[in-house]
Amino acid sequence: MVRVSGAVPGAETYLGSTRMHAKLLAEFCRQFDTAVRPLLSPLDHAIEAVNRAPDQSGSDLASPLRELQHHMVALLDKVKEQQAYVLIFGPLKSGKSTLMNALAAAYVSEVSCLPAYPCMVFVSHGDKRRYQLTRFDGTSEPHEDNETLAARIQEAHQHLADHLRAAEAEGRSFDPSVHYPQAIRRIDVRLPAQNLANSGAVLVDTPGLYSRMRFGYSQMTRDFRNAAACAVFVVKSDNLFLEQVFEEFQELLDLFSRIFLIVNVDSTKRDLRPDGDLAPSLEQTRPDQIVAAFEQLAMTAALKQAHDESRLRIYPIDLMRAASARMKLQTGVAQPGDFAAFDRDLAEFLASPDYLAAFRGDSLRRAHTLLTAGAQIAGHASVIELERRRTFLEQERAQAQAQIAAVDRVLAHPWEKAFAGFDGRVRVDVQNRAHEIGVKTVRLMEAGLDQWFLSGASVRSLIDQEWRPQFKLFRDQIEGEARESLERSLQEPLGGMDGAAAPADDLRALGADIAALRRRAADEVLATPLPPVPKVAIDVHAIPVKRGVGDWALLRSLDKVRASLFGIDEGLDNKITAKMKAARLGDPGKHFLREHLQAIHEAFCKEAAQQVVDRMSRQVAVRAASELHKRVTERRQQFETRLRDVERQWNLCVQVLTPVRKLTQAMTVTHAAVKTLALQHGIQQLTTIDDTVILPRPATAPELTMPPRGRVRRR
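Residues numbered from 1 in each chain as written. Predicted model: local features only at pLDDT ≥ 70, side-chain atom pairs only at ≥ 80, totals over all residues. Heavy atoms only, no water.

To continue, consider the overall build of the protein chain. From N to C terminus, the protein chain includes 25 helices and eleven strands. Partitioning the contacts of the protein chain with sequence separation of at least 6, the portion at a separation of at least 24 is 80%. (Helix = DSSP H or I, 4+ residues; strand = E, 2+ residues; numbered from the N terminus. Contact = heavy atoms within 4.5 Å.)

Let us look at the packing of helix H15 (residues 353-375) against helix H25 (residues 586-680). It is at 10 Å that the axes of H15 and H25 come closest, and there the two elements cross at 155°. Classified by the angle their axes make, H15 and H25 are roughly antiparallel. Between H15 and H25 lies a crossing of left-handed hand. Two secondary-structure elements touch here, H15 through Leu364, Ala367, His368, Leu371, Thr372, Gly374 and Ala375 and H25 through Met667, Thr670, His671, Val674, Leu677 and Ala678. In the contact of H15 with H25, the residues fall into eight nonpolar, five polar and no charged. (Axes fitted to C-alpha atoms, helices over the stretch in contact; angles between N-to-C directions. Parallel < 35°, antiparallel > 145°, perpendicular 65-115°, else oblique. Left-handed = near helix turned anticlockwise from the far one by under 90°. Nonpolar A, V, L, I, M, F, W, Y, C, P; charged D, E, K, R; others polar.)

Our next topic: the packing of aromatic side chains. Aromatic rings in a pair are described by how distant their centres are and how their planes are angled relative to each other. With the rule as written, the count across this model stands at 13 aromatic pairs. Between Phe260 and Tyr315, the aromatic rings sit 6.0 Å apart at their centres with planes inclined by 35°, giving tilted as the arrangement. With Phe260 in strand S8 (residues 259-264) and Tyr315 in strand S11 (residues 312-317), the pair connects residues that are 55 residues apart, well separated along the chain. Neither Phe260 nor Tyr315 differs from the other in exposure class; each is buried. Measuring from centroid to centroid gives 5.7 Å for Phe339 and Phe342, while their planes differ by 65°, and the two rings are edge-to-face. Of this pair, Phe339 and Phe342 both sit in helix H14 (residues 337-350), three residues apart, which is roughly one turn of the helix. Accessibility expressed as a relative area gives 0% for Phe339, which makes it buried. Linked through ring pairs, Phe233, Phe241, Phe246 and Phe294 together constitute an aromatic cluster. Lying across the ring of Phe122, Arg186 places its NZ or CZ 3.5 Å from the centre. (Phe/Tyr/Trp six-rings, centres within 6.5 Å; stacked < 30°, edge-to-face > 60°. Buried < 20%, exposed > 50% of the residue type's maximum accessible area, 1.4 Å probe, protein only. Lys NZ or Arg CZ within 6 Å of the ring centre and 35° of its normal.)

Among the residues of helix H23 (residues 558-567), those classed as buried are Val561, Arg562, Leu565, Phe566 and Gly567. Residues of H23 that are buried in the fold lie against helix H19 (459-490), helix H22 (549-553) and helix H24 (578-584).

Attention now goes to unusual backbone geometry. Phi is positive for Lys93, close to 55°, though the residue is something other than glycine. As for its position among the elements, Lys93 is in the loop between strand S1 (84-89) and helix H4 (96-104). Residue classification places Lys93 among the exposed residues on the basis of a relative accessible area of 61%. Residues other than glycine seldom take positive phi values, yet Ser310 does so here, at roughly 65°.

So, about the nonpolar core. Grouped together as the largest cluster of nonpolar side chains are 84 residues, with contacts concentrated most on Phe32, Leu65, Leu99, Val123, Val232, Phe342 and Leu364. The biggest single contributor to this core is H25, with ten residues. Setting aside chain neighbours within four positions, we find Leu65 in contact with Leu43, Ala46, Ile47, Val50, Ile377 and Leu663. Among the nonpolar cores identified, the runner-up in size contains 48 residues, and Leu449, Phe566, Ala609 and Val613 belong to it. (Core = buried A, V, L, I, M, F, W, Y, C linked by side-chain atoms within 4.5 Å.)

A separate point is the environment of Ser626. In this structure, Ser626 sits in helix H25. In this structure, the C-alpha to C-alpha distance between Ser626 and Leu517, residues 109 residues apart in sequence, is 9.8 Å.

This structure, assessed with the given rule, holds 37 salt bridges. Glu141 is the salt-bridge partner of Arg152, the closest N and O atoms lying 2.7 Å from each other. With a gap of eleven residues between them, Arg152 in helix H5 (residues 146-169) and Glu141 in strand S4 (residues 140-143) connect regions that are remote in the sequence. Taking the shortest distance from any N to any O, the salt bridge between Asp450 and Arg594 comes out at 3.1 Å. Highlighted residues: Asp450 in helix H18 (residues 420-454) and Arg594 in helix H25, separated in sequence by 144 residues. Here Arg594 falls in the partly exposed class, since its relative accessible area comes to 24%. One connected set of salt bridges, linked through shared partners, spans Arg135, Glu141, Arg152 and Glu155. (Salt bridge = Lys/Arg side-chain N within 4 Å of Asp/Glu carboxyl O.)

Before going further, it helps to spend a moment on the layout of surface pockets. If you add up the space inside the largest pocket, you get close to 550 Å³. Along the walls of the largest pocket sit 24 residues, with Val73, Asp77, Thr134, Arg186 and Asp188 positioned nearest its centre. Of all the secondary-structure elements, those providing two or more residues to the lining of the largest pocket are helix H3 (62-80), strand S2 (120-125), strand S3 (130-135) and strand S5 (184-191). If one sorts the elements of the lining of the largest pocket by residue count, H3 sits on top with seven residues. Class assignment of the residues belonging to the lining of the largest pocket gives a composition of seven nonpolar, eight polar and nine charged. (1 Å grid on protein atoms, 1.4 Å probe; cavity = no way out; pocket = protein on both sides within 12 Å on 5 of 7 lines; lining within 4 Å. Points joined across faces, edges and corners; volume = space filled by probe spheres on them.)

On to helix H2 (residues 40-52). An ideal rise of 1.5 Å per residue puts 18 Å on 13 residues; H2 measures up with 18 Å between its terminal C-alpha atoms. Those residues of H2 not exposed but buried are Leu40, Pro42, Leu43, Ala46, Ile47, Ala49 and Val50. (Expected span 1.5 Å × (residues − 1).)

Our focus in this paragraph is the packing of H2 against H25. It is at 8 Å that the axes of H2 and H25 come closest, and there the two elements cross at 160°. When the axes of H2 and H25 are compared, the pair comes out roughly antiparallel. Helix-helix and strand crossings are classified by hand; for H2 and H25 the assignment is left-handed. Of the residues in H25, those touching H2 at Pro42, Leu43, His45, Ala46, Ala49 and Val50 are Gln655, Val656, Pro659, Val660, Lys662, Leu663 and Ala666. Here the contact of H2 with H25 is composed, by residue class, of ten nonpolar, two polar and one charged.

Regions with low pLDDT carry predicted coordinates that are not meant to be interpreted in detail. Summary statistics for the protein chain give a mean pLDDT of 80 and a share of 84% for residues scoring 70 or more. When the elements of the protein chain are averaged for pLDDT, helix H8 (residues 216-220) gives the smallest value, 53, and H2 the largest, 92. Predicted confidence for residues 210-216 stays below pLDDT 50, and this span has 21 contacts to residues more than four positions away or in other chains. Note that pLDDT drops below 50 for residues 710-715; the model gives that stretch 15 contacts with residues more than four away or on any other chain. (pLDDT = per-residue confidence, 0-100.)

Counting through the fold element by element, Gln431 comes out in helix H18. Accessibility expressed as a relative area gives 47% for Gln431, which makes it partly exposed. Considered as a pair, Gln431 and Ile478 are 47 residues apart in the sequence and their alpha carbons are 8.5 Å apart.

Across the six residues of S1, six count as buried, placing the element largely inside the fold. Looking at chain direction, S1 and strand S6 (residues 201-205) are connected through five bridges and run parallel. If you follow Tyr85 over to S6, its bridge partner there is Val202. (Pairing = 2+ DSSP bridges.)

Let us look at the side chain of Arg562. Locating Arg562 in the fold gives a position in helix H23. Here Arg562 falls in the buried class, since its relative accessible area comes to 7%. Look past the residues within four positions of Arg562 in its chain and what remains in contact with it is Val540, His541, Ile543, Pro544, Val545, Gly567 and Ile568.

Bringing the side chain of Arg258 into the picture now. With respect to the helices and strands, Arg258 occurs in the loop between helix H9 (249-255) and S8. You can call Arg258 buried: its relative accessible area is 16%. A polar contact is formed between the side chain of Arg258 and the backbone oxygen of Ser310, at a distance of 3.4 Å. (Polar contact = N/O pair within 3.5 Å; in protein donor to acceptor, adjacent residues only side chain to side chain.)

What follows is the structure, encoded as structure tokens:
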């Protein structure tokens, strides 16, 4: 960049760097941009992920991420465009806007004067006049004219005041970046200003101090730690000797290596003479005496030391006259000498090798500060909470998947094999008991048959009163034995189930109590009464019967004799006397009935035993398996619902964590590149002293809660 002279002698621009300096600066800017700009993409993705999170996961990350993005973009733009930030400070109505008009040699407009509003105004060269409003939340909106922008600023000012009052009422320390991120953060003004185009300078107008909403130099300049070239402090001559004007000036001395103090004098001011006439004032005739008096009488020790070291330079200037002359350069109006001296010194500083070194060092230190602060995002409370939540959800997911797999194994298991051992035991118990009880039953039934032959009872009476009750008693006794065997098995740990032949671990994992299920199944089965003992059938047509003389005489067949004797048509209800039984049936009949009794008893005992075994084992097992299938199926649905919910929450967590992780990895890579670049340019020290906190902390601690665990109540 080359110094450009104006049409009028003395109308020099700021920057007059040599071609070598320009080449070195351009090469550094290219290297810096190559090293740092790739970080913007993962930073954008992380911000988008936080903003998209529907459950506000990591919402406290939004503010520090936007803050980091704002600083990074500002730094990259500054380096890419080789911008020299010139910060302008001063009390309200001190002439800052007028100075900006003079420096730009163009009318900046009233937008640079925002009394009491805590935002910066950036003025730089552009092809045409346009404005860009940016908020703390990162959103921005363009404006083509000053009128619409002024209306929006007035509206924003009122909203900011409302939030400030609310914070004061609650006793909170107000920070717009945290408590009201919709507040205006900065305004960029682009306008045709060849002086600024030639120099690459960006004029930064700061809010006037001593207002109700002041935030202090430290707050206002935190964007410019290790970023601004120099500071210009403007104060009216009337206020030069007020102590409160310089209360916070020490902060500027700590921040900037060069400060230009402009005493804004009024060269048209008149004083009253003793004779009543008006005479030129001291500001008009000898403004340097005002400065001399300030240096001798009012300058603090810190200011004097900075002045002696040439870090602080003082210029008495009529800014109104200087701005008017600078804006009329093309008409031949001469530039005032007082402003020309300031203009020359500022240009020489911005063109000096010291500034080139400072530009590189400040840019790298600024990047180091931002990346160091950005690295804290990995340890942010919201990130730690999200990591903990992700780990918890992964454990929950694994648990739900294991539970579903256990359910599937339980559902697929052949449960009849699991109780095969019990089936065998109860079958042996019933068979052994059936033989013992059967022998007694046969004896009783045979005794009943003998009694029947001695009585006058019918065949029906023999069947229903002698034989059938004994059959029922037999079945009840072996069922009792089977019940005892079942009860013994229910007392076992797995309810009689063979642990080696069934997924016992899966049952325990699911909280399924197979013994309790089997007991309930047994109670339900046993609550259903057994069917009545079937009727005993006797083929009376096969019973041997003797025909008497009368039968032969009447030619009655055996069937007719039997029908007449037993009462076949009346249901075997004919009463038969003992004498008739002896005469008609005798020993052959008794032998036949005894053998028939043995045959039906054997068949009944076998069928009854099988019926009892089936009832106590298969039916109970089937009912227990059915209930188990129903319950684990219900639990599978619960586990699937839980798994879907956990996976949804896990995805939401990862959607935020993944881009944040990539961002932290990218910052590590970028930080290493910045350190390497610093060594290449001979910069050993990147850490700054007493630096401002770059990223805001959350207003309140995050309250992310863990999702409920997927436990299923045992039934």
